[in-house]
Amino acid sequence: MKVHEFSRVKPPPDSPKTSAEFSLPLTFSDVFWFKFPPVERLFFYRLNALNLARFNSEVLPKLKQSLSLALLHYLPLAGNLKWPPNAPKPIISFFPCDGVPLTVAESDADFNLLSSNGIYEAVDLHPLTPELITSDESAATTALQITLFPNRGFCVGIAAHHAVLDGKTTTMFIKSWAYICKQGNPENSTFPPELTPVFDRSVLRDPGGLDMIYLRSWLDSMGSDSNTAKKSLKILLDKGVAASLVRATVELTREDLKKLRERVLSKLPETGKDLHLSTFVLTYAYITTCIVRSRGGNGDRDVAFGFTVDCRPRLDPPVPENYFGNCNTTTVDFAKARDFLDENGFVFGVQKGRRDLEFMDQISDGESQ
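Here the residue numbers are simple positions, counted from 1 along each chain's written sequence. For this predicted model, a pLDDT threshold of at least 70 governs which residues receive local features, and a threshold of 80 or more governs which side-chain atom pairs are given and counted, while totals over whole chains, interfaces and linings are taken from all residues. Remark: hydrogens and water are excluded; side-chain values derive from all non-hydrogen atoms of the structure.

**Q** I would appreciate a short explanation of the overall build of the protein chain in the present structure.
**A** Only DSSP runs of H or I reaching four residues or more are called helices, and only runs of E reaching two or more are called strands; each is numbered from the N terminus. When helices and strands are tallied, the protein chain shows nine helices and 13 strands. Here the C-alpha coordinates of the protein chain stretch approximately 70 × 55 × 40 Å along the principal axes. Relative accessibility under 20% of the residue-type maximum defines a buried residue, over 50% an exposed one, and the middle range a partly exposed one, all with a 1.4 Å probe and only protein chains included. Relative to its full complement of 369 residues, the protein chain shows a buried share of 45%. Per-residue accessibility takes into account occlusion by the displayed protein chains alone, with areas from the Shrake-Rupley method and a 1.4 Å probe. Carbon and sulfur atoms provide 53% of the accessible area of the protein chain, an area that totals close to 19,100 Å². Charge separation in the protein chain, taken as the distance between the mean sites of 41 positive and 44 negative side-chain charges, equals 2 Å. By the counting rule applied here, Lys and Arg register as positive and Asp and Glu as negative, while His and the ends of each chain are not counted. Here the site of a charge means NZ on Lys, CZ on Arg, CG on Asp, or CD on Glu.

Printed below as a string of C-alpha cells:
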C-alpha cells in the first residue's frame, strides 16, 4: 500500500447551507451505539484501463467534486462528534471549515481476488479501510479512502461513526455520491427525494429517557462514575483479526432455499405445513447452525446469536425511509450448542429465528409508543 495524498474534502463554500454552523442531537438509538466500532464498507469498481495518470487526471477529480456536492446534502458527515461542557450528551456539529478526511492510496494487491467471492485472508482488506480518528474531545463522523489498483480498477472505503449513522444511512450516502458522480452536470441536476436525508429528530419519540439511560450505561461500563467521568468520545476498538481467519462469499440460490424450506416443513407437525418461512429466517438459521457445527466442541457450551433490525418501517407512525441516523435495534438469544448440533439443529434455528423476529417487532412497536 502506497499513500499518495491525505486531504479534507469540504462541501462548496459558496452555498447558503455551508455558511453557518449546523448541529444535530443524538437520539436514544444513536446513543445505543455510542462506543461501538465504526460502520465500514468497501466498494470495488473495475476499470481495466485505469493507470495512475488517468486516475489522477480524470477519475479522482470527478470523485472529489461529486463528493463535495454530496456533502451539501449530508453536512453532518463533514463534521465531528462533540460533547459541549454544559450539554448532557454529545452532539453532531458542523462548522463551515469542516470536511471529510480523504486518503488516496495505491495498492498492488490482487484486485480480482479481493473483489470476488473467493477465499482470501481477512486482514488483506484492512489497508483499504480508512481509520476513523477519535479522541477524548472530538470524533470524526466519517473517513473515506480511495485506493487505485493500476490497470484493474479502484476501491472506495468508508468508515462512519456508529453513533452518527447506521448501515442504511451509510448506504444512502454512498448512493447519493454515486448518483451525483454519474450526472454529467451535477450542479444543475435534481436530487432524488429518496436520497435526500431527513434530519427531523422528532420522528423518534423517547418519553422514557432511553438516551440518558443508554449513556449512563456506557459511562458505567467504562469503569467511571457517570456524573463525574471525563466526557471521552473515544470508541471501543476491535481487538484485531487473527491471521488464520479468511473471508469468502457463499451464495444461496433459489433452489438452495427451496430445499432448506422443504427440510424444515418435513420436520414440523401437519399444522405447520402452511407456515411462512422467509428467506431471512432460513438464511439466518442456516448460517448460525453451520457456524456452531464448524466450531464443534462441548455440546453444553453456551451459544449467543442475534441480528439487527431496521425499525423505520416498524414504528408507529413509521419513520421515513431516508431518515438520517440510527433507527435500529438488536436481539441476542442464547442456547446450548447441542441444540444446533443434533439432526434437528437447523429446524431449531428456524424456530428461534422466527420467534426472535416476532419479538423484535413487538419491541420496536413498544419503543415507538
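**Q** Whenever I open this one, the side chain of Ser-68 confuses me. Can you help?
**A** Mapped onto the secondary structure, Ser-68 falls in helix α2 (residues 52–71). Among the residues examined, Ser-68 registers a relative accessible area of 13% and is labelled buried. Leave out the neighbours within four places in its chain, and Ser-68 touches Val-9, Lys-10, Pro-11 and Pro-12. The contact definition used throughout considers only heavy atoms, calling two residues in contact when any of these lie within 4.5 Å.

**Q** What is the right way to look at the packing of aromatic side chains in this model?
**A** Remark: the centre distance and the inter-plane angle together describe each pair of aromatic rings, the angle taken between the planes. Aromatic pairing here means that ring centres of Phe, Tyr or Trp (its six-membered ring) are within 6.5 Å. Orientation follows from the plane angle: under 30 degrees is stacked, over 60 is edge-to-face, and everything else is tilted. Tallying each qualifying case throughout the model produces 21 aromatic pairs. Seen in terms of ring centroids, Tyr-45 and Phe-154 are 5.0 Å apart; in terms of plane orientation they differ by 20°. Their pairing is stacked. On the criterion of sequence distance, the pair formed by Tyr-45 in strand β3 (residues 39–46) and Phe-154 in strand β10 (residues 153–160) is long-range, its members being 109 residues apart. What makes Phe-154 buried here is its relative accessible area of 7%. Measuring from ring centre to ring centre gives 5.3 Å for Phe-305 and Phe-340, while their planes differ by 90°; the resulting arrangement is edge-to-face. In this pair, Phe-305 sits in strand β12 (residues 302–310) while Phe-340 sits in helix α8 (residues 337–341), placing the two residues 35 residues apart along the sequence. Accessibility classification places Phe-305 together with Phe-340 in one group, the buried group.

**Q** What is the right way to look at unusual backbone geometry in this model?
**A** The bulk of non-glycine residues show a negative phi, and the bulk of peptide bonds are trans. Here Asp-316 and Pro-317 are connected by a cis peptide whose omega angle stands at 0°. Inspection of the secondary structure puts Pro-317 in the loop between β12 and β13 (328–336). Positioned with a positive phi, Asn-151 is a non-glycine residue whose angle comes to about 60°. We classify Asn-151 as partly exposed; its relative accessible area is 38%.

**Q** Even after reading the chapter, I still don't get α2, so can you show me in this structure?
**A** An α-helix turns once every 3.6 residues. As a result, residues three or four positions apart point the same way. In this analysis the local bend is the angle between axes fitted, respectively, to the seven residues ending at and the seven residues starting at the residue. At Val-59, α2 shows its largest bend, some 35°, and a proline, Pro-61, comes one to four positions later. Residues of α2 that are buried in the fold lie against β1 (2–9), β6 (100–106), β9 (142–149), β10 and α4 (167–182). Sitting at the head of α2, Asn-51 places a side-chain oxygen 3.3 Å from the backbone nitrogen of Ala-53. Side-chain atoms alone can form a polar contact between residues adjacent in sequence; in general such a contact is a pair of N or O atoms within 3.5 Å, and within protein one must be able to donate a hydrogen while the other accepts it.

**Q** Explanation requested: the sheet that holds strand β8 (residues 138–140) in the structure shown.
**A** Strand pairing within a sheet occurs via backbone hydrogen bonds; the two strands may be parallel or antiparallel. Strand order in the open sheet made by the four strands is β2-β5-β4-β8, with antiparallel pairing throughout. Each having just a single partner strand, β2 (22–25) and β8 make up the two edges of the open sheet. Here the average twist between neighbouring strands, direction ignored, is 30°. Strand pairing is assigned whenever DSSP detects at least two bridges linking the two strands. With three bridges joining them, strand β4 (residues 80–82) and strand β5 (residues 91–94) adopt antiparallel strand pairing. Axes here refer to lines fitted to C-alpha atoms; in helices the fit is confined to the stretch in contact. Angles between the N-to-C directions go from 0 to 180 degrees.

**Q** Got a minute to help me understand the packing of helix α6 (residues 254–267) against helix α7 (residues 279–295) in this structure?
**A** For any two helices packed against each other, one specifies the crossing angle of their axes together with the interaxial distance. The contact between α6 and α7 brings their axes to 10 Å, and the two run at 80°. Relative to α7, the element α6 is oriented roughly perpendicular. In contact with Leu-257, Leu-260, Arg-261 and Val-264 of α6, α7 contributes Thr-279, Leu-282, Thr-283 and Tyr-286. All residues other than Ala, Val, Leu, Ile, Met, Phe, Trp, Tyr, Cys, Pro, Asp, Glu, Lys and Arg, Gly among them, are scored as polar; the first ten of these are nonpolar and the last four charged. For the contact of α6 with α7, the class distribution of residues is five nonpolar, two polar and one charged. Any angle that falls under 35 degrees is termed roughly parallel, while one over 145 is termed roughly antiparallel, one within 65 to 115 roughly perpendicular, and all others oblique.

**Q** Honestly, the sheet that holds β1 in this entry has me stumped. Any pointers?
**A** A sheet is described by the order of its strands in space; here five strands give the open sequence β1-β6-β9-β10-β3, paired in mixed fashion. A strand with exactly one partner marks an edge of an open sheet, and here the two such strands are β1 and β3. Mean inter-strand twist for the sheet, computed between neighbouring axes without regard to direction, equals 15°. Here β1 pairs with β6 via seven bridges, running antiparallel. Note on β6: the bridge partner recorded for Glu-5 is Val-104. In the packing of α2 onto the sheet, contacts are made with β1, β6, β9 and β10, and the angle to β1 comes to roughly 25°.

**Q** For this particular structure, what's the right way to read the nonpolar core?
**A** In a soluble, globular protein the nonpolar side chains are often hidden away together inside. In this structure, Phe-55, Leu-81, Ile-146, Phe-173 and Trp-177 are the most contacted members of the largest nonpolar core, which totals 52 residues. Of all the elements in the fold, those that place two or more residues in this core are α2, β5, β6, β9, β10, α4 and α5 (210–221). No other element matches α2, which puts eight residues into this core. Contacts of Trp-177, omitting those with residues within four sequence positions, involve Leu-63, Ser-66, Leu-67, Ala-70, Leu-144, Ile-146 and Val-156. Within the second largest apolar cluster, 24 residues are counted, among which are Val-292, Phe-307, Ala-337 and Phe-348. Nonpolar cores were defined as sets of buried Ala, Val, Leu, Ile, Met, Phe, Trp, Tyr and Cys residues, with membership established by side-chain atoms within 4.5 Å.

All quantities given are derived from atomic positions and should not be read as evidence of function.
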